[in-house]
Amino acid sequence: MTEESPEITPKADGIADPAKPEPPPQAPVSPAPQFELAADMPLLRIEGVGKTFGSFRAVDRLSLDIRAGEFFALLGPSGCGKTTLLRMLAGFETPDEGRILLGAKDIAQVPPHLRPVNMMFQNYALFPHLSVRDNIAFGLKRAGMARDEIATRVAEMVALVKLEGMEKRKPDQLSGGQKQRVALARSLARRPQVLLLDEPLAALDKKLRESTQLELMDLQRRLGMTFIIVTHDQEEAMTMASRIGVMDAGRLEQVATPRELYEAPHSRWVAEFIGDVNLFDGEVGWRENNRLLVTTREGVTLAVTEPRQRVTKATVCVAIRPEKVKLSRRAPVSDAANTHAINRLEGVVTDVSYLGGLTAYKVKLESGAVVRASVANTARLDIDAYLAGQRVMAWFAPDDCMVLEQ
Amino acid sequence: MTRRVNRISPFNITSLALGLAFLYLPIVILVIYSFNASRLVTVWGGWSLRWYTEFFNDRAMLDAAWMSLRVAAVSATVATLLGTLAAIGLARGERFKGRSLFSGMLYAPLVMPEVISGLSLLLLFVALSAERGFWTVTLAHTTLTMCFVTVVVQSRLASIDRSLEEAAMDLGCDPVRAFLSVTLPLIVPAIVAGWMLAFTLSLDDVVIASFTTGPGSATLPIRIYSEVRLGVKPQINAICTMVIALIAVVIVIASFASKLSSSQGESAAPL
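To start, this report covers the structure provided alongside it. From a predicted model like this one, the values you see are computed outputs, not experimental measurements.

Looking now at the packing of aromatic side chains. Enumeration over the complete set of coordinates arrives at 12 aromatic pairs over all chains. Ring centres 5.0 Å apart and planes at 10° place the aromatic pair tryptophan 269 of chain A and phenylalanine 273 of chain A in the stacked group. Of this pair, tryptophan 269 of chain A and phenylalanine 273 of chain A both sit in helix α8 (residues 268-273), separated by 4 residues, roughly a single helical turn. Judged by relative accessible area, phenylalanine 273 of chain A falls into the buried class, the value being 18%. Each member of the aromatic cluster is reached from another via a ring pair, and the members are Tyr33, Phe35, Trp44, Trp47 and Tyr52 of chain B. When the ring centre of phenylalanine 127 of chain A is taken as reference, the NZ or CZ atom of arginine 186 of chain A above it lies at 4.6 Å. Taking the ring centre of phenylalanine 134 of chain B as reference, the NZ or CZ of arginine 70 of chain B above it sits at 4.8 Å.

Here we take up helix α6 (residues 134-158) of chain B. Residues and elements named next belong to chain B. Its 25 residues place the ends of α6 35 Å apart at the C-alpha level, agreeing with the 36 Å of an ideal helix rising 1.5 Å per residue. Of all the bends in α6, the greatest measures close to 30° and is centred on threonine 145. With 18 of 25 residues buried, α6 is to be regarded as a mostly interior element.

Another point: the sheet that holds strand β3 (residues 71-75) of chain A. Residues and elements named next belong to chain A. If you walk across this open sheet you meet the 6 strands as β6-β7-β8-β3-β9-β10, and the pairing is mixed. Strand pairing shows two members of the sheet lacking a second neighbour, β6 (117-120) and β10 (251-256), which therefore form its edges. For this sheet, the mean inter-axis angle between neighbouring strands, taken without regard to orientation, is 20°. When β3 meets strand β8 (residues 226-231), the two strands line up parallel, connected through 5 bridges. The partner of alanine 73 across the bridge, within β8, is isoleucine 229.

Here we take up the pattern of salt bridges. Residues and elements named next belong to chain A. The full count for this structure, using the stated rule, is 30 salt bridges over all chains. A salt bridge links glutamate 263 to lysine 324; the nearest nitrogen and oxygen atoms lie 3.1 Å apart. Of the two residues, glutamate 263 sits in helix α7 (residues 258-263) while lysine 324 sits in the loop between β14 (315-320) and β15 (326-328), which places them 61 residues apart along the sequence. Judged by its relative accessible area of 21%, glutamate 263 falls in the partly exposed class.

Before going further, it helps to spend a moment on the interface of chain B and chain A. Contact residues are listed per partner, giving 20 residues for chain B and 21 residues for chain A. When the buried area of chain B at its contact with chain A is split by residue, Glu166, Asp170 and Leu171 of chain B rank highest and sum to 38% of it. Applying the counting rule to chain B against chain A returns 1 salt bridge. Put simply, arginine 87 of chain A and glutamate 166 of chain B hold a salt bridge, and the shortest N to O gap is 2.6 Å. Sorting the residues of the side of chain B that touches chain A by element identifies α7 (162-170), α8 (175-204) and α11 (234-264) of chain B as the ones contributing at least two each. Looking at the side of chain B that touches chain A, the element that brings in the most residues is α7 of chain B, giving 7 residues.

This part is about the sheet that holds strand β19 (residues 391-396) of chain A. Across a sheet, strands are paired by hydrogen bonds formed along the backbone, either parallel or antiparallel in direction. All names here are of chain A. As summarised here, the arrangement of the 5 strands in space is β15-β19-β16-β17-β18, forming an open sheet in which the pairing is antiparallel. What marks the edges here is a single partner per strand, and that holds for β15 and β18 (370-376). Along the sheet, successive strands turn relative to each other by an average axial angle of 45°, direction set aside. With 6 bridges connecting them, strand β16 (residues 343-354) and β19 associate as antiparallel partners. What sits directly across from glycine 347, in β19, is valine 392.

Okay, the packing of α6 of chain B against α8 of chain B next. All names here are of chain B. Following both chains from N to C, one finds α6 and α8 inclined at 150°, their axes separated by 8 Å at the closest point. Considering the angle they form, α6 stands roughly antiparallel to α8. The element α6 and its partner α8 pack so that their crossing is right-handed. Touching His141, Thr145, Phe148, Val149, Val152, Val153, Arg156 and Leu157 of α6 are Thr183, Leu186, Ile187, Ala190, Ile191, Ala193, Gly194, Leu197, Ala198, Leu201 and Ser202, all from α8.

One finds Leu64, Leu74, Phe127, Leu196 and Ile228 of chain A to be the most contacted residues of the largest nonpolar core, which totals 64 residues. Excluding its chain neighbours within four sequence positions, the residues that come into contact with phenylalanine 127 of chain A are Asn135, Phe138, Pro171 and Arg186 of chain A together with Leu164, Ala167, Ala168, Leu171 and Val182 of chain B. Among the nonpolar cores identified, the runner-up in size contains 47 residues, and Met120, Ile150, Leu223 and Leu261 of chain A belong to it.

What counts, and where the lines are drawn
- Residues numbered from 1 in each chain as written.
- Chains lettered and ligands numbered in written order.
- Predicted model: local features only at pLDDT ≥ 70, side-chain atom pairs only at ≥ 80, totals over all residues.
- Heavy atoms only, no water.
- Phe/Tyr/Trp six-rings, centres within 6.5 Å; stacked < 30°, edge-to-face > 60°.
- Helix = DSSP H or I, 4+ residues; strand = E, 2+ residues; numbered from the N terminus.
- Buried < 20%, exposed > 50% of the residue type's maximum accessible area, 1.4 Å probe, protein only.
- Lys NZ or Arg CZ within 6 Å of the ring centre and 35° of its normal.
- Expected span 1.5 Å × (residues − 1).
- Bend = angle between axes of the 7 residues up to and from the residue.
- Pairing = 2+ DSSP bridges.
- Axes fitted to C-alpha atoms, helices over the stretch in contact; angles between N-to-C directions.
- Salt bridge = Lys/Arg side-chain N within 4 Å of Asp/Glu carboxyl O.
- Contact = heavy atoms within 4.5 Å.
- Buried area = accessible area lost by both parts, 1.4 Å probe.
- Parallel < 35°, antiparallel > 145°, perpendicular 65-115°, else oblique.
- Left-handed = near helix turned anticlockwise from the far one by under 90°.
- Core = buried A, V, L, I, M, F, W, Y, C linked by side-chain atoms within 4.5 Å.

This is how it looks when you write it as structure tokens:
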């Protein structure tokens, strides 16, 4: 099962993928130990891995390939199995079935201390009785490294995470952000082939989290290391990861770049999980050029652009992101509506939430359905703002609609 | 939030003074009278160290004291070893079958009346026709104090995040190494505190010791108890004062140990 094959992951029409630059673009500071890989082999291949706790199926025959140098995020609601999967990669849980191939070696049954991967724990798990220096040196001592080599490596790591002058402090003398850096330095010190990060920023406040996200990305790029991060925060995943695997109930719902996930979700579940979305269930009426006409349950006909992969089912779900819904006082002037070049829905504004950068509106249609629209506040003065109770026209282009078959 | 809860009011001072007096007045009187020069316990005859020198010349008393110290040291050491192992088994072991029964049985001596423990041990030693003396008392005290060690160590273990051990394994330690290099240093203060607790419990036990000891091997509390039955001699006051001093020192060390352990982790071992 590879996600790269176009049959499995169709790119939605018109969605170019600027994505994030593939590492390593710069000279790595300290390159991760690389071993020979066949050109098409992923660094890490998870094959049909399953794990059951009692009667709870935490991970359900999951397969996933991760390339060397990738920043991969496992995203999902709590209890979806993402942490269990990560712990199986680290070796703290043993899969009931399946294989975990690192390079060519199956490590599914290898105990954690013999795996060339390291993990950064959610609560950092710093050793409270050891200083910052000894925490970072801990894994190096175990590896039997010479004393002066350890000292060099520790100094390098301390510089990397900008903790100079803190080497002699104990963990309880550090702030949350500093602890996070020590944990990162400790897990990087052994130069693992894969670094696993379990909700690494969950304990930081918002501002610190944002700056740390950028630092982590920069670090990963410079080291050219493979990072796998587990998070429930979609913004975090989208900011940092080059690819995201969305998990639910022990399965991968979709593996794609952040942009693809948002603009071309595979399923209704993914569309609803990532960001906000308006959904209309309906029946496919007829086709016109590359347009599909969908009659919604509310009796409205929506024109949507047919995805490259032809819709086969009669019952579909039309999804439109709130920021792609435009509002106006009058219908857009043109006969576009008649030629299905645009979708128009008339309704009454019921709810206005000013959020700073944008304003979120809820528009109640005559059919009773509610459409959410978010409008960027591009001007300081709100001459264009709509008020609750006002009649408005919500309109959007067929190109901006997504057709979901599940 | 401006109201100071810990402000000292006259009522607080009074109740604190009364409480402390209730607890410590008898002990203070005992300590003062240990320096009494008079032969009569209840009559003050001036300051003197006479009864202390008398004690150090009393062969039988010294033997009993020496016996008590040996019993306390050996039983506390064995109890600490076993109790720590039990605590590790309970806190870190897999959820084995009968685990709750095991922990219940382990804690039973905490609430068991000492007379019953003493009597049952006596019956056991008689049935085994073991010669009663140093070893029987030591064994009995080990069973008595082991559960206290377990409680102290287990609560410390429970407060240590398991991910610390996982982190150690992740960084190249096998499970045994991970325990030795991360968990053990963190629970050492609790182990020390547990040993101190076991030591003092053994030192002042009279019930179980009187059941399980044999002729010619009385512990200090038994010796004191039998002397007092013939009338309180001022010498007893001196001995008791020294025992109090010893226990006070041990308790102060134990609380320092547990403070050390709490500054390294989240919560202190209860003492």
